[in-house]
Amino acid sequence: MATGICFAKGVIQVFQPLFSAADGYVGLALIYGAMSLFWFIGVHGPSIVEPAISAALVLNMSTNLAAVQAGQHADKVLTLGAQYFVVCLGGTGATLVICLMFAFLAKSKELKAIGKASSIPVLFNVKVNAKGLEKLDQVKAPIVLNPVFFVPFIFAPIANVWLFKIFVDVFNMDGFIYTLPWTTPGPLGIILGCGIKLLPVIFLVIVLVMDFVIYYPFFKVYDNQKLEEEKNNHFEVKEDDSVEVDGKV
């Protein structure tokens, strides 16, 4: 009342330069690279990083919606929707594609079994099994703390959000204007969150192909490693989808 300025609005104005910087290519890379890095070393990345950017995530989403309602371009990239469905497509590390690769392309019986178990949950951004945080005896497909996947786990989310920004800045695609539950299937979340238009569909196809290209070389290395292990250990996937390793189910 003394200043005539809303406190919340004043805070936003003070930090607006930081919010603007965070919405650039470098800022996005630092934010989501750090989030993925924390996850990779076993720390919940969003819990560490998101509190620092939560105000910008909410503000930018509101700004985008207001812009669309006014017939203008929604040009903010750093939003909850982009974080849930672009950066974390299938989960932190953009792990949707790698889980499907395990299920349908792996020659290793172990990876194929893990892929089948993870494919449906990862469509809803739930991927604990694939991250190796849950284990069945010796059967696991760890991505966290696995040096084979360090590069794609960190780089894929950055590449995804950079591609999204290119679509927003260059092709005038609207950013996310709707807030959806984080468990919305990633591909569906992109289309719904951006307003059900053609450009988000095109973006979705390209980002899935890009993630496949990023992960594929590392997937092949890991698949070959697991095949070699299976030659030296008895490993069998039974008809009831249980897994036997060295005689133990």
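Definitions and cut-offs
Residues numbered from 1 in each chain as written. Predicted model: local features only at pLDDT ≥ 70, side-chain atom pairs only at ≥ 80, totals over all residues. Heavy atoms only, no water. Helix = DSSP H or I, 4+ residues; strand = E, 2+ residues; numbered from the N terminus. Expected span 1.5 Å × (residues − 1). Polar contact = N/O pair within 3.5 Å; in protein donor to acceptor, adjacent residues only side chain to side chain. Phe/Tyr/Trp six-rings, centres within 6.5 Å; stacked < 30°, edge-to-face > 60°. Buried < 20%, exposed > 50% of the residue type's maximum accessible area, 1.4 Å probe, protein only. Lys NZ or Arg CZ within 6 Å of the ring centre and 35° of its normal.

Brief notes about helix α6 (residues 109-123)
Relative to the 21 Å expected for 15 residues at 1.5 Å per residue, α6 spans 21 Å between its end C-alpha atoms, a close match to the ideal helical length. Of the residues that open α6, the one with a side-chain oxygen 3.3 Å from the backbone nitrogen of E110 is S108. Once α6 finishes, N125 follows within two positions and takes phi at roughly 65 degrees, a positive value.

Observations concerning the packing of aromatic side chains
Tallying each qualifying case throughout the model produces 15 aromatic pairs. On the numbers, 5.9 Å between centres and 75 degrees between planes, the contact of Y84 with F85 is edge-to-face. Taking the relative accessible area as the measure of exposure, F85 reaches 1% and is therefore buried. Seen from their ring centres, F102 and F219 are 6.1 Å apart, and the 45 degrees between their planes marks the pair as tilted. Within this pair, whereas F102 is found in helix α5 (residues 96-105), its partner F219 is found in helix α10 (residues 198-232), the two being separated by 117 residues in sequence. Residue F102 shares its accessibility class with F219, and that shared class is buried. Site record: aromatic cluster; members linked through ring pairs are Y84, F85, F164, F167, F171, F176 and F203. Seen from the ring of Y25, K165 lies directly overhead, with NZ or CZ sitting 5.4 Å from the centre.

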